Amino acid sequence: ERGFCAWGKVCHVREKTVLREMWRSLTWRKRSSPPSRLEHGRRDERFEGGRDQRREHASRPLAASPRRSRRDGDERRARSRSRSRDRDGSRKGSPPQEAPMRQQIAWGKQIAGRDATVQSNLRLFETHGRHFNARNLSTTAHRVAKLGTKRKERVMNDSRMRDLAAFCLRRVSDHDTQGLANVAWAFATARVEAPELFDAIAVAALPRLGEFSSQGLANTVWAFATAGVRARELFDAIAAAAPPRLDQFDSQNLANTAWAFASSGVKAPKLFEAIATEAVPRLKEFKPQGLANTAWAFACASCIPAEQLAVVVDRVIEVIGTFQEVHLCQIYQFFLYTRIAHPELRALEPQHQQKLRAAYMHMSPTNSRLHRMVASTLSRMRWAHDFEHVTEEGISIDLAQPNTKIAIEVDGPSHHLRIAGTTDFVQNGATLLKTRLLEDFGWKVMHIPFYEWDKLKQYADQETYMRGRLGICRR
């Protein structure tokens, strides 16, 4: 009876039927073997209210410590509220609210200060970024990219940069034209993939091109080309708006604009002619990198008069010893183009030509898994080919039949640009220039793009695809 009273006191259950059932549960535990589930169910059926009512009574808080239960509930609610808030104290999921202007100015000074680092700016954004205005967001992105490039700190895989891109996307309509150019330049320089952000910038910048500075226009097109995004409407509008303002462009802006249009594969003959007219008299102002980019862009455009190209050739030969290896590759392609299109122009000295050819062959990209898969498919088809064939001019071909002069280029993502606002791809300017040079030297070029090959999962499908591209009938 003592045990019976103890159970009743602890649970505060005064119903006789409940107490009787609890007493029976104590007697079950004394058995050598526990009752089966079926026996439990039958006993519960005899109990008025069944198992649910017993659980309801057991789940009631103990009356012996009511204050403790209330305190525990308050603590649980407090922990729940803290989990539902960000570090800056705002509710998760709530729209971001800007801090007062005084606080924005203080954050801006901290972001652009001399002691600022990549990590300090990212930590500041992580803590207070929800309350940044558009100017501080663009300044943070620009400073992180600039300091990261200067100090060789890679942030392309940092999750905070992706969060920063998301916040810049939310505020894209609040940015001024300088902010749009800075954001595009920052994420292109940092190599952070932000396709939605670049699509939004292309839409936001299009009706406001008249407000952009000359450097802003050059940085914007450079950023899109570097990020691998082809915004055709934006580029066409800039090609029409830039020529009257080219006298405001310095040598670097001229080189960046020419390189961006050439790398994006956008045909803008009037713009290139205007750039050549403005740049050729000022070639001595160009740094080696700018001169190499401009010469390579003229080769891609293939619309510059021979008189202006002759001046570029003379200047390149004059400073040929100042170029780095990556720039020598561009210069070599430029001279291959002039050798075909304008053979009357001054040719390179043999030692210079050999140096350029060696640099170009050394910088050729290595073969990829996709490259090897296509080669394996051709081997199963018994289609004889050379792997990484090098032509007399030093151009490397992925897969080639020298006798028939059939060249197969396996194009991965680095050979393409994404069309803004879509998931479609087009070839970039470097791929187009290489194809044109090979065709000028008598090769028949066929491209195998990655987005078509990825759809072929079976060997039979891959062989059928290659037969269709090569025009080979199954025997």
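Residues numbered from 1 in each chain as written. Predicted model: local features only at pLDDT ≥ 70, side-chain atom pairs only at ≥ 80, totals over all residues. Heavy atoms only, no water.

Caption draft 1: How the structure looks around the overall build of the protein. The secondary structure content of the protein amounts to 23 helices and seven strands. For the protein, the proportion of contacts with a sequence separation of at least 24, taken over those separated by at least 6, is 67%. Of the roughly 26,800 Å² of accessible surface on the protein, a fraction of 50% belongs to carbon and sulfur atoms. (Helix = DSSP H or I, 4+ residues; strand = E, 2+ residues; numbered from the N terminus. Contact = heavy atoms within 4.5 Å. Areas by Shrake-Rupley, 256 points an atom, 1.4 Å probe, with all protein chains shown as cover.)

Caption draft 2: View of the nonpolar core. If you look at the biggest cluster of nonpolar residues, it comprises 112 residues, and the most contacted ones within it are Met161, Phe187, Phe224, Phe261, Phe323 and Phe335. Once you skip the residues sitting within four places of it in the chain, phenylalanine 187 turns out to touch Ala141, Met161, Leu164, Ala165, Cys168, Val192, Leu197 and Phe198. Counting residues in each nonpolar core, the second largest holds 17 residues, with Leu370, Ala375, Met381 and Met466 among its members. (Core = buried A, V, L, I, M, F, W, Y, C linked by side-chain atoms within 4.5 Å. Buried < 20%, exposed > 50% of the residue type's maximum accessible area, 1.4 Å probe, protein only.)

Caption draft 3: Up close: the sheet that holds strand 7 (residues 444–449). Pairing in this open sheet of four strands is mixed, and the strands run 2-3-4-7 from one edge to the other. The open sheet is flanked by strand 2 (386–390) and strand 7, the only strands paired with a single partner. Looking at each pair of strands side by side, their axes are set apart by 45 degrees on average, direction ignored. Across six bridges, strand 4 (residues 406–411) lies against strand 7 in parallel orientation. Paired with aspartate 411 across the two strands is proline 449, which belongs to strand 7. Helix 23 (residues 459–470) rests against strand 4 and strand 7 of the sheet, and its axis sits at about 150 degrees to strand 7. (Pairing = 2+ DSSP bridges. Axes fitted to C-alpha atoms, helices over the stretch in contact; angles between N-to-C directions.)

Caption draft 4: The confidence of the model for the protein, seen in detail. Per-residue confidence for the protein gives a mean pLDDT of 84, with 79% of residues at or over 70. Scored below 50 in pLDDT, residues 1–14 shows 15 contacts in the model against residues more than four places distant or in partner chains. Long-range and interchain partners of residues 28–69, a stretch whose pLDDT sits below 50, account for 25 contacts in this model, where long-range means more than four residues apart. (pLDDT = per-residue confidence, 0-100.)

Caption draft 5: Up close: helix 19 (residues 350–362). Between its terminal C-alpha atoms helix 19 stretches 18 Å, which fits the 18 Å expected from 13 residues at 1.5 Å a residue. Buried residues along helix 19 sit in contact with helix 18 (325–341). (Expected span 1.5 Å × (residues − 1).)

Caption draft 6: Quick peek at the environment of valine 280. Note that valine 280 resides in the loop between helix 15 (269–279) and helix 16 (288–301). Considered as a pair, valine 280 and leucine 309 are 29 residues apart in the sequence and their alpha carbons are 8.5 Å apart. Ignoring sequence-local partners within four residues, the contact set of valine 280 consists of Gln308, Val311 and Val312.

Caption draft 7: Main features of helix 13 (residues 232–241). Within helix 13 the residues assigned to the buried category are Leu234, Phe235, Ile238 and Ala239. Buried residues of helix 13, seen end-on, are gathered within an arc of 135 degrees and therefore sit on one face of the element. Projecting away from the buried face of helix 13 at angles above 90 degrees are the exposed residues Glu233 and Ala240. Among the structural elements, helix 11 (195–205), helix 12 (214–227), helix 14 (251–263) and helix 15 are those in contact with the buried residues of helix 13. (Arc of directions from axis to C-beta.)

Caption draft 8: Focus on the side chain of arginine 230. Position of arginine 230 relative to the elements: it lies in strand 1 (residues 229–230). The buried charged residue arginine 230 lacks any salt bridge, with aspartate 236 as its nearest oppositely charged partner at 7.3 Å. Contact partners of arginine 230, with chain neighbours within four places excluded, come to Ser264, Gly265, Val266, Leu417, Arg418, Ile419, Ala420 and Val426. (Lys, Arg positive; Asp, Glu negative; His and termini not counted. Salt bridge = Lys/Arg side-chain N within 4 Å of Asp/Glu carboxyl O.)

Caption draft 9: Seen up close, the environment of glutamine 252. Looking at the secondary structure, you find glutamine 252 in helix 14. A sequence separation of 35 residues divides glutamine 252 from lysine 287, and the C-alpha atoms of the two residues are 8.0 Å apart.

Caption draft 10: View of unusual backbone geometry. With phi around 55 degrees, glutamate 388 is a residue other than glycine that occupies positive phi space. You can see glutamate 388 is positioned in strand 2. The partly exposed category is assigned to glutamate 388, whose relative accessible area is 23%. A positive phi angle, close to 55 degrees, is found at lysine 405, a residue other than glycine. Lysine 405 sits in the partly exposed class, given a relative accessible area of 31%.

Caption draft 11: Inspection of the pairing of strand 3 (residues 396–401) at higher detail. For strand 3, the buried fraction is high: six of the six residues fall into the buried class. Connecting strand 2 to the next strand, strand 3, in antiparallel fashion are five residues, including glycine 394 with a positive phi near 90 degrees. Sheet topology note: the strand 3/strand 4 ladder contains three bridges and is antiparallel. Bridging across to strand 4, alanine 400 finds its partner in alanine 407.

Caption draft 12: The packing of aromatic side chains, seen in detail. A complete count under the given rule lists 11 aromatic pairs for this structure. Ring centres 5.3 Å apart and planes at 85 degrees place the aromatic pair phenylalanine 198 and phenylalanine 224 in the edge-to-face group. Of this pair, phenylalanine 198 sits in helix 11 while phenylalanine 224 sits in helix 12, and the two are 26 residues apart along the sequence. Here the two residues phenylalanine 198 and phenylalanine 224 agree in accessibility, since each one is buried. Between the aromatic rings of tyrosine 332 and tyrosine 360, the centroid separation amounts to 5.3 Å while the plane-to-plane angle is 40 degrees, which identifies the pairing as tilted. Residue tyrosine 332 is found in helix 18, and its partner tyrosine 360 is found in helix 19; the two are separated by 28 residues along the sequence. Tyrosine 360 carries the same exposure label as tyrosine 332, and that label is buried. Here the aromatic residues Trp107, Phe125, Phe132 and Phe167 are joined through ring pairs into a cluster of three or more. Over the ring of tyrosine 459 we find arginine 380; its NZ or CZ atom is 3.9 Å from the centre of that ring. (Phe/Tyr/Trp six-rings, centres within 6.5 Å; stacked < 30°, edge-to-face > 60°. Lys NZ or Arg CZ within 6 Å of the ring centre and 35° of its normal.)

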